[in-house]
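# Per-entry structural report
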Amino acid sequence: MAQNEVRVSGFGGQGVIMAASIIGKAASIFNNQFATMTQAFGPEARGSSCSAQVVISDDQILYPYVRNTDILVAMSQEAFDKFFPEMRENAVLLYESDLVKLCKLKPGQKSYGIPATRLAEEMGRSIVTNIIMVGFFAAAGGAIGYEAVRKAVEDSVPPGTEKLNLKAFQTGYEYGAKLLGKGGAA
Amino acid sequence: MKANPAGVLTGAHFFDGDYACAEGAIAAGCRFLAGYPITPSTEVAERITQRFPLVGGMFIQMEDEIASMAAVIGAAWGGLKSMTVTSGPGFSLMMENIGLAAMMEAPCVVVNVQRAGPSTGLPTMVGQADIMQARWGSHGDYAIIALAPNSPQEAFNHAITCFNLSEKYRVPVLFMMDEVIGHMTEKVVIPPADRIEVVPRTLTAKKPGQYRPYDAAGGWVPEMIQAGDGYNIHTTGLTHDERGYPQMTAECQEKLIKRLTGKIRENASDIIMVDESNLDKADVVLVSYGITSRVAQAAVQQARKEGLRIGQVRLITIWPFPEKKIAELAGKIKGFVVPEINAGQISYEVERCAAGKCLTRHVPAYGGAVHDPGVIYDAFKEVLHAGKTQTVR
C-alpha cells in the first residue's frame with residue numbers, strides 16, 4: 001500500500017492550512033486516493049507557528065496523524081527546526097529558501113528550495129506564496145501529479161482569483177520541474 | 001420521503017466533520033439553528049450561517065446555551081426541524097432544557113463536538129468524556145438517543161440519521177462528535193437528493209378538539225401538531241396526562257415515564273447501529289467509537305499480524321447501548337478492550353452487560369490527544385493472558 005505522510009508548516013498568515021487542504025483535495029477528489037487532513041488547532045494567529053498534516057494513501061486511512069513525515073513543506077525557520085526531526089530516512093524536504101536556513105539532513109533525505117515569497121512578490125501578490133509552494137509540491141514532492149493538484153487549486157481558491165492562482169501554481173511547478181531537470185511543465 | 005433537493009449539495013467535497021455535519025443537517029431538512037459559538041463546534045454554525053440564507057433557514061445566535069436549547073424546543077413545536085450545536089461547557093448548560101425537550105417530546109438534534117473537560121478544559125483539543133452526561137445529564141428518568149460518527153462522511157450521513165430518529169421517536173437526539181472528527185478533513189460524498197431518505201414529521205389528521213397531544217393511541221409515540229395550525233393545546237415540563245395538562249399523581253407519573261423510557265428501550269433494535277467485524281472466532285473484542293475506533297485499528301492490525309484473534313464492535317449508536325450484543329459476546333470470549341478518551345464511561349456499560357462472564361479492560365486517555373495505539377495493543381495481550389473474570393483497570 002502506497003502511503004505518503006505530508007506535513008505543511010510555516011507561520012500563521014502564510015496560507016499553510018489552505019496549502020494542505022489543496023493537497024488533500026487533489027489526492028482525494030482529483031486523484032482517486034484517500035486523504036485525511038488534520039491541523040494544529042492552537043491560538044494560531046498571524047505570525048505564530050502553524051502546521052497541518054495530510055495523510056495520503058491508496059487505501060482507507062485509519063490512523064489520521066503523521067508519525068514519520070515523508071514530505072515536509074517548511075515555510076519558516078521555526079517550522080523547519082520543529083519538524084525536521086520527524087522526517088523519515090528517505091523523506092523529501094520542500095522549503096522556502098529565503099526564509100529557511102538548513103541544518104544538515106540525513107544522507108537519504110532530499111531537499112529542494114524555492115524562494116516562494118519573492119516569486120509571489122514578483123507577481124505583485126505575496127498572498128499567493130502558498131499556491132506557489134503547492135505548485136512546487138506538485139513538481140518536486142513526488143506524491144501527486146500536476147493535473148490533480150492544478151484542478152484542486154482551481155477548485156479551492158475564491159471565485160474570480162483562479163487566473164492569478166493558477167499562474168502562481170504554474171510558477172511554482174515550473175521552478176520545481178527545472179530544479180529536478182524535468183524540463184518544461186506538463 | 002426523499003430529501004428536498006434545494007438543500008442537498010450533491011457531489012464529492014473535501015470537508016471537515018463540522019461542515020459535513022452542517023450539510024447533513026440541511027439535507028435532512030433542518031431549517032432552524034439556535035446556538036452560541038464554542039470551539040470546536042463553531043464551524044458547524046459557521047457553515048449553517050453561510051447555507052441557511054440559500055435554503056430559507058433561520059439561524060439565531062442566542063445569549064447562551066440555555067436559551068439556545070429553549071429556542072430549539074420552540075422551533076420544533078413551531079413545525080421546523082431544529083438543532084443546536086455546542087461543546088462541553090455549553091452541553092452542561094443545555095442539560096435542563098434537554099430534559100424539557102424529552103418531557104415535551106420535542107423532536108430536535110443537539111450536536112456536541114466533544115473537547116477535553118471538565119469545565120473549560122482544553123478548548124481546542126479532543127475528548128470523549130461527555131458520553132455518560134449525554135445519557136444521564138438532565139435530572140429525572142428519561143431516555144434519549146445518541147450517535148457517534150467516526151469520519152466526516154459519517155458526520156454527514158448520521159446527522160441525517162439523527163434527524164430521522166428524532167422525528168420517528170419525538171426525542172432529542174444527541175450527535176456526539178469529537179474534536180478530531182469535527183476538525184478532520186476528508187472526502188465527503190453527498191448523494192443526489194432522491195437517494196437520501198428523510199423522515200417527515202408525523203402530523204395528526206385529527207381536528208382541533210379531538211386531538212390530544214400526548215395520546216400515543218396505545219403505541220409509543222404520539223402524533224404532533226405545529227403551533228399556529230389552530231390547535232389550542234398545552235405542553236409543559238410538569239408531569240402531564242394525554243391532554244398535556246399537569247396531573248400531579250404517582251399514577252400519571254408512572255404511565256408517562258414508562259412511555260418516555262419505553263419508547264426508546266422497546267425500540268432499541270430498530271435504533272441501534274453497530275459495525276461488527278471478525279466476531280466469529282474472536283478471543284478479545286474491541287469496543288470503540290468516534291476517533292478512537294480508527295486509532296485502535298493500528299493496534300488491531302499489529303495484533304492480527306501476530307495471530308491474535310481480535311473482533312470488533314464499533315458503536316455508531318451509543319445510546320441506547322447495544323446490551324444484547326455485548327451480553328451475547330461475553331459468554332464466548334476472553335474479554336473486552338474498551339479504549340475511550342476519558343477515565344472510564346462506556347467501559348462501565350460493557351462491564352455491566354458482560355455481567356462477570358468475561359474481562360473488561362478499559363484503556364483510558366485523559367483528553368488532549370488520541371491514544372497511542374501501542375497501549376491498546378498491550379491491553380489485548382493483557383486480557384489474553386489474564387485470569388478468568390477479574391476486572392482489569
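The notes below deal with the structure included here.

Cut-offs used in this document
- Residues numbered from 1 in each chain as written.
- Chains lettered and ligands numbered in written order.
- Predicted model: local features only at pLDDT ≥ 70, side-chain atom pairs only at ≥ 80, totals over all residues.
- Heavy atoms only, no water.
- Helix = DSSP H or I, 4+ residues; strand = E, 2+ residues; numbered from the N terminus.
- Contact = heavy atoms within 4.5 Å.
- Polar contact = N/O pair within 3.5 Å; in protein donor to acceptor, adjacent residues only side chain to side chain.
- Phe/Tyr/Trp six-rings, centres within 6.5 Å; stacked < 30°, edge-to-face > 60°.
- Buried < 20%, exposed > 50% of the residue type's maximum accessible area, 1.4 Å probe, protein only.
- Lys NZ or Arg CZ within 6 Å of the ring centre and 35° of its normal.
- Salt bridge = Lys/Arg side-chain N within 4 Å of Asp/Glu carboxyl O.
- Buried area = accessible area lost by both parts, 1.4 Å probe.
- Nonpolar A, V, L, I, M, F, W, Y, C, P; charged D, E, K, R; others polar.
- Core = buried A, V, L, I, M, F, W, Y, C linked by side-chain atoms within 4.5 Å.
- Domains from an automatic or database assignment.

## Looking at the environment of Lys2 of chain B
All names here are of chain B. Residue position: Lys2 is located in the segment before strand S1 (11-16). Distance from Lys2 to Ala28, taken between C-alpha atoms, is 9.2 Å for residues 26 residues apart in sequence. Those residues in contact with Lys2, other than ones at most four positions away along the chain, are Ala193, Asp194, Ile196, Glu197 and Val198. Only 2.6 Å separates the side chain of Lys2 from the side chain of Glu197, close enough to count as a polar contact.

## Considering the packing of aromatic side chains
Applying the stated criterion to the full structure yields nine aromatic pairs over all chains. Plain terms: the ring middles of Tyr211 of chain B and Tyr231 of chain B are 5.5 Å apart, the flat faces sit at 75° to each other, and that makes the pair edge-to-face. A residue pair is termed long-range when its members are at least 10 positions apart, and Tyr211 of chain B in the loop between strand S9 (185-190) and helix H8 (250-265) and Tyr231 of chain B in the loop between S9 and H8 qualify at 20 residues. Residue Tyr211 of chain B is classed as buried on the basis of its relative accessible area of 8%. What links up through ring pairs into an aromatic cluster is the set Tyr146, Phe169 and Tyr173 of chain A. Of note, Arg67 of chain A hangs over the ring of Tyr63 of chain A, and the distance from its end group to the ring centre comes to 4.0 Å. Between Arg135 of chain B and the ring centre of Trp136 of chain B, over which it is positioned, the NZ or CZ distance is 3.9 Å.

## Points about the pattern of salt bridges
All names here are of chain B. Summed over all chains, the structure comprises 27 salt bridges over all chains. Here Arg314 makes a salt bridge to Glu154, at a shortest N to O gap of 2.7 Å. Taken together, the residues span a long stretch of sequence, with Arg314 in strand S12 (residues 310-315) and Glu154 in helix H6 (residues 152-169) at a distance of 160 residues. Take Arg314 and Glu154: they sit in the same class, and that class is buried. Here the salt bridges share partners, and the residues they tie into one network are Glu23, Arg47 and Arg51.

## Notes on the interface of chain B and chain A
Residue-level contacts link 21 residues of chain B with 17 residues of chain A. Both sides together, the interface formed by chain B and chain A hides about 1,500 Å², and carbon and sulfur atoms give 63% of it. Across the chain B-chain A interface, the total number found is zero salt bridges. In this assembly, chain B and chain A are joined by five residue pairs in polar contact (both at pLDDT 80 or more). Mapped onto the side of chain B that touches chain A, the elements with two or more residues apiece are S1, helix H7 (179-183), S9 and helix H10 (290-305) of chain B. Counting residues per element, the side of chain B that touches chain A draws most heavily on H10 of chain B, at six residues. Broken down by class, the residue content of the side of chain B that touches chain A amounts to nine nonpolar, seven polar and five charged.

## A look at the nonpolar core
Within soluble globular proteins, side chains that are nonpolar generally end up buried alongside one another. If you look at the biggest cluster of nonpolar residues, it comprises 55 residues, and the most contacted ones within it are Met69, Leu174, Val285, Trp319, Phe336 and Ile346 of chain B. The biggest single contributor to this core is helix H3 (residues 65-77) of chain B, with eight residues. Summarising the domain contributions, this core has at least three residues from each of domain 1 (5-195) and domain 2 (274-385) of chain B. Contacts of Met69 of chain B, omitting those with residues within four sequence positions, involve Thr84, Met94, Asn97, Ile98, Ala101, Cys108 and Val110 of chain B. One finds Val8, Val16, Ala26 and Cys50 of chain A within the second-largest nonpolar core, a separate group that totals 50 residues.

Remember that the coordinates give geometry; whether it matters functionally is a separate question.
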